[in-house]
Amino acid sequence: MDPFIQERRDIVRDIVREAGLLALDYFQRRHELVISLKGRQDWLTEADGAVETFLRQKIGQAFPNDQIVGEEQGGTGGDAMWIADPIDGTANFARGDRQWCVSLGFARHGVPEIGFIFAPAQDEFYEAVRGAGATMNDQPIRVAPTHDIRHAVIELGWSPRRPTGDYLALIGRTMEAGATVKRSASGALGMAHVANSRTDGYGEVHINSWDVLAGLVIAREAGALINDFCSGPWVTEGNPILCVTPGIAKDLEKVFEPRVELQT
Ligand code: IPD
Ligand code: CA
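Since this is a predicted model, take the numbers as computed values, not measurements.

Peer 1: Explain the overall build of the protein chain here, please?
Peer 2: A count of helical and extended segments in the protein chain gives 8 helices and 15 strands. In terms of C-alpha radius of gyration, the protein chain reaches 17 Å, essentially the compact-globule figure of 18 Å for 264 residues. Principal-axis analysis of the C-alpha atoms gives the protein chain an extent of 50 × 45 × 35 Å. Within the protein chain, the proportion of its 264 residues that are buried is 56%. Pairs at least 24 residues apart make up 64% of the contacts formed inside the protein chain by residues separated by at least 6 positions. Put simply, the protein chain shows about 11,200 Å² of open surface, and 47% of that area lies on carbon and sulfur atoms. Distance between charge centres in the protein chain, computed from 26 positive and 37 negative side chains, equals 3 Å.

Peer 1: Please clarify how the nonpolar core should be interpreted in this entry.
Peer 2: Generally speaking, nonpolar side chains in soluble globular proteins are found buried as a group. Counting residues in hydrophobic clusters, the biggest one holds 38 residues, and the most contacted among them are Ile117, Trp234 and Ile241. Here this core gets 8 residues from one element, more than from any other, and that element is helix H6 (residues 209-221). When residues of this core are sorted by domain, at least three fall in each of domain 1 (3-140) and domain 2 (149-263). Sequence-distant contacts of Ile241, that is, excluding residues within four places in its chain, are made with Met191, Tyr202, Gly203, Glu204, Ile207, Val212, Leu216, Ile226, Asn227, Phe229 and Phe256. The next biggest cluster of nonpolar side chains, apart from the first, holds 32 residues, and it includes Val12, Leu24, Phe54 and Ala121.

Peer 1: What is the right way to look at the coordination of the calcium ion (ligand 2) in this model?
Peer 2: For a metal bound by four donors in a tetrahedral arrangement, the ideal donor-metal-donor angle is 109.5 degrees, while six donors in an octahedral arrangement ideally sit at 90 or 180 degrees. Distances from the calcium ion (ligand 2) to its protein donors, namely Glu71 (OE), Asp85 (OD), Asp88 (OD) and Asp211 (OD), fall within the range 2.1 to 3.2 Å. The site at the calcium ion (ligand 2) holds 6 donor atoms, and with the angles between them running 62 to 163°, its shape is irregular. In primary-sequence terms, the residues that donate to the calcium ion (ligand 2) follow E-x13-D-x2-D-x122-D.

Rules used in this analysis
Residues numbered from 1 in each chain as written. Chains lettered and ligands numbered in written order. Predicted model: local features only at pLDDT ≥ 70, side-chain atom pairs only at ≥ 80, totals over all residues. Heavy atoms only, no water. Helix = DSSP H or I, 4+ residues; strand = E, 2+ residues; numbered from the N terminus. Rg over C-alpha atoms; globule rule 2.2 N^0.38 Å. Buried < 20%, exposed > 50% of the residue type's maximum accessible area, 1.4 Å probe, protein only. Contact = heavy atoms within 4.5 Å. Areas by Shrake-Rupley, 256 points an atom, 1.4 Å probe, with all protein chains shown as cover. Lys, Arg positive; Asp, Glu negative; His and termini not counted. Charge placed at Lys NZ, Arg CZ, Asp CG, Glu CD. Core = buried A, V, L, I, M, F, W, Y, C linked by side-chain atoms within 4.5 Å. Domains from an automatic or database assignment. Donors = N, O, S within 2.8 Å, 3.2 Å for Na, K, Ca; no water. Tetrahedral: all angles 85-135°; square planar, octahedral: opposite > 155°, others 65-115°.

Purely geometric stuff here, so don't read any function into it on its own.
Below is the structure:
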């Protein structure tokens, strides 16, 4: 493994663990927290800001020349950049649902290289490095062997950033193709669950880089096919995402809009 990547993987893995435990501490006393809405169904808790600040401080100390982009405190990135979602699934977090995580990805020259997703309330830690495979709790993970879309479980994410009609139409087309559809309200864990075969695909008409950069590396290393998410102003503006196990990739690609091409 490239020593530049390996050093980051080894040091930042522990930082993500600590960040997850900090978030878990907030989760366990969430009734004391200030919880607000940034917009329609767009939740914010004190924990989001505190965990992002923690990640920025620790990564900044270890790798002062790396750029950091975060959901809460922004940033525009650079050649060596970390992209952080301090708490993905904030709505779940705020309501006491354990389906939330800390998500942190690293990209070099625009290429996703490292992904960490830690769901501390479920005791599940996912990680991957490009070319070196993906694990959950140190065990290798692979996408599901599903070949028939009529057996497939697809997660479709929703946010108020795009018209609700686009989301509903996508649900309709996916179900007409034969799959069942779910939504669990964490895009990062949605990608992780494709990687460990709990679902067969994750799609969303628009998602932000902090929601999916880590999941991109993890799902790809577990064998998923994914569209070219890292194109255009993806760091700050996001893109559509489609991530799917190869056996049903063509079927899902056909019904997904906006049109995307899965990369092999
Ligand atoms: C959201 C979640 C959701 C996804 C949205 C994200 P947040 O992030 O990942 O599942 O569908 O696109 O904005 O608000 O929980 O950090
Ligand atoms: Ca998020």
